[in-house]
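Examining the three-dimensional arrangement
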Amino acid sequence: MNRLLPVLLFTVGSLCLAQEKAPAPAKERTPADGPFIPAPALSGGIVLALYPKDSPLLNHERIHEAERYNTSGKSADKLLNTLNIHNPTIEVHLAPGDPPNTGAAVIVAPGGGHKILWVGPEGYDLVPFFAKLGVSTIVLRNRLRVDGYEPTVDAVNDAFQAIRLVRSHAAEWKLDPAKIGMIGFSAGGELSAPTALFFDDFAQKNAAPSDPLAKVSPRPDFVGIIYPGPTPFTKAPETPIPANVPPSFIVCAGSGDQVHAVWATEYFTPMLKAGVPNVEMHIYGRGTHGGAVSARGGIPFGTWQDRFAEWFRDLGFLEAPGTETKAAHEVAAYAKKHAK
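Applying the stated criterion to the full structure yields 10 salt bridges. Here Arg164 makes a salt bridge to Asp211, at a shortest N to O gap of 2.9 Å. In this pair, Arg164 sits in helix H3 (residues 151-168) while Asp211 sits in the loop between helix H6 (199-205) and strand S8 (223-226), placing the two residues 47 residues apart along the sequence. Asp211 matches Arg164 in its accessibility class, with the two residues each being buried. Residue Lys205 is joined to Asp201 by a salt bridge in which the shortest nitrogen-to-oxygen separation is 3.2 Å. Of the two residues, Lys205 and Asp201 are both situated in helix H6; the distance of four residues between them amounts to about one turn of the helix. Look at Lys205 and you get exposed, because its relative accessible area is 64%.

With that out of the way, let us pick up the pairing of strand S7 (residues 180-185). A large share of S7 lies buried, amounting to six of its six residues. Alternating positions in S7 separate into two faces, Ile180, Met182 and Gly184 on one and Gly181, Ile183 and Phe185 on the other, with burial throughout. By the bridge criterion, five bridges tie strand S5 (residues 105-109) to S7 in an arrangement that is parallel. From the neighbouring strand, Val108 faces S7, where its bridge partner is Ile183. The pairing of S7 with S8 spans four bridges and is classified as parallel. Counterpart to Phe185 in the pairing with S8 is Ile226.

Position of Ile241 among the secondary structure elements: in the loop between helix H7 (232-235) and strand S9 (248-253). In the structure, Ile241 is positioned 30 residues away from Met271 in sequence and 7.7 Å away in space, judged by C-alpha atoms. With sequence-adjacent residues up to four places away left out, Ile241 is seen in contact with Leu197, Phe233, Pro270, Met271, Ala274 and Val276.

Moving on, we come to the packing of aromatic side chains. Describing an aromatic ring pair means giving the distance of the ring centres and the angle of the ring planes. Within the structure shown, the criterion is met by 14 aromatic pairs. Measuring from ring centre to ring centre gives 5.2 Å for Phe129 and Phe130, while their planes differ by 70°; the resulting arrangement is edge-to-face. The residues Phe129 and Phe130 share a single accessibility class, namely buried. Taken together, a centroid distance of 5.1 Å and an interplanar angle of 25° make the contact between Phe308 and Phe312 stacked. Remark: Phe312 and Phe308 occur in helix H9 (residues 304-314); sequence separation between them is four residues, near one turn of the helix. Classification of Phe308 as buried rests on a relative accessible area of 1%.

With that settled, consider the sheet that holds S7. Strands sit in the order S1-S4-S6-S5-S7-S8-S9-S10 across an open sheet of eight strands; the sheet is mixed. Bordering the open sheet on either side are strand S1 (46-49) and strand S10 (280-284), each of which pairs with just one other strand. The mean angle between the axes of side-by-side strands here comes to 15°, regardless of whether they run parallel or antiparallel. Inspection of the sheet shows S5 paired to strand S6 (residues 136-141) by four bridges, in the parallel sense. Each residue of the ladder has a partner; that of Ala105, found in S6, is Ser136.

What follows is about the confidence of the model for the protein chain. Averaged over every residue, the pLDDT of the protein chain is 91; residues scoring 70 or more account for 90%. Between residues 1-25, whose pLDDT stays under 50, and residues either more than four places distant or in other chains, the model counts zero contacts.

Right, let's get into unusual backbone geometry. Geometrically, the link from Asp98 to Pro99 is a cis peptide bond, its omega value of 5° lying close to zero. Even without glycine at this site, Arg296 takes up a positive phi of about 55°. Mapping Arg296 onto the fold places it in the loop between S10 and H9.

Analysis parameters
Residues numbered from 1 in each chain as written. Predicted model: local features only at pLDDT ≥ 70, side-chain atom pairs only at ≥ 80, totals over all residues. Heavy atoms only, no water. Salt bridge = Lys/Arg side-chain N within 4 Å of Asp/Glu carboxyl O. Helix = DSSP H or I, 4+ residues; strand = E, 2+ residues; numbered from the N terminus. Buried < 20%, exposed > 50% of the residue type's maximum accessible area, 1.4 Å probe, protein only. Pairing = 2+ DSSP bridges. Contact = heavy atoms within 4.5 Å. Phe/Tyr/Trp six-rings, centres within 6.5 Å; stacked < 30°, edge-to-face > 60°. Axes fitted to C-alpha atoms, helices over the stretch in contact; angles between N-to-C directions. pLDDT = per-residue confidence, 0-100.

Below is the structure:
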């Protein structure tokens, strides 16, 4: 019995020490703390709230609440996904000086089925890829259905607001205001697709003199629609296509992601029938849903981001800031031909 006493004392002492060193739980935020703003997930990031704190588009009873995070099993410091977003934000990662900054900016809308946001793999993992092209990356944290919001309204508004907010900072961040667009993954594709179609409607509904961004265009200069959820054409195949619709790049696996591939083609087909220029789609023979910019074991689907870079370069988005893009020239020609 005496031999067990030191062991017991050591165990009890170790437990007490562990309890003493355990971090205190985070203090629950209250309305007095003000709107929640997340810390940058990556070093050097600039985090901005999408809306003024008194915006009528916000749920003022909940904007003080903190987001809830999950981190990667490989690194407790790497943010994997988030939810409980009531004060939507963008995190800006400006392109470095080497290679030369093209002035282009990609706003990334992560997926997650409107239940969470995969901001790690479908957001921050794109920063180094675009940095190598001289392109800035902006990760959107939009509101979710699981937190009481309607994606086709609230989350789409967040996407438009992100475009306006980034464009409003173009001079400060050395961006080209004619090279700002959006890429959406899965549920995020349900945000990027509407931004290509309904920007005039958003601009008209958000033109109040009290709106600080009322005069800033919400139209994206390009959109990426990556293994998307249902687009506006799914429920309304005759959705009008604006004369100045931006170019689109669409990607999905085929039979391995059949439902999303059908949604992708439902977007592509009306654009093709309308003769919209520079709409490109890749449906891959092998692959499944998700994966972002991972190599996927070496199958062709693992290189879709390189195809995007080729498309992006061909349309002139990687030229020096201020240079008119081929995309803009062809959009203007199409708009002139199809203007009502």
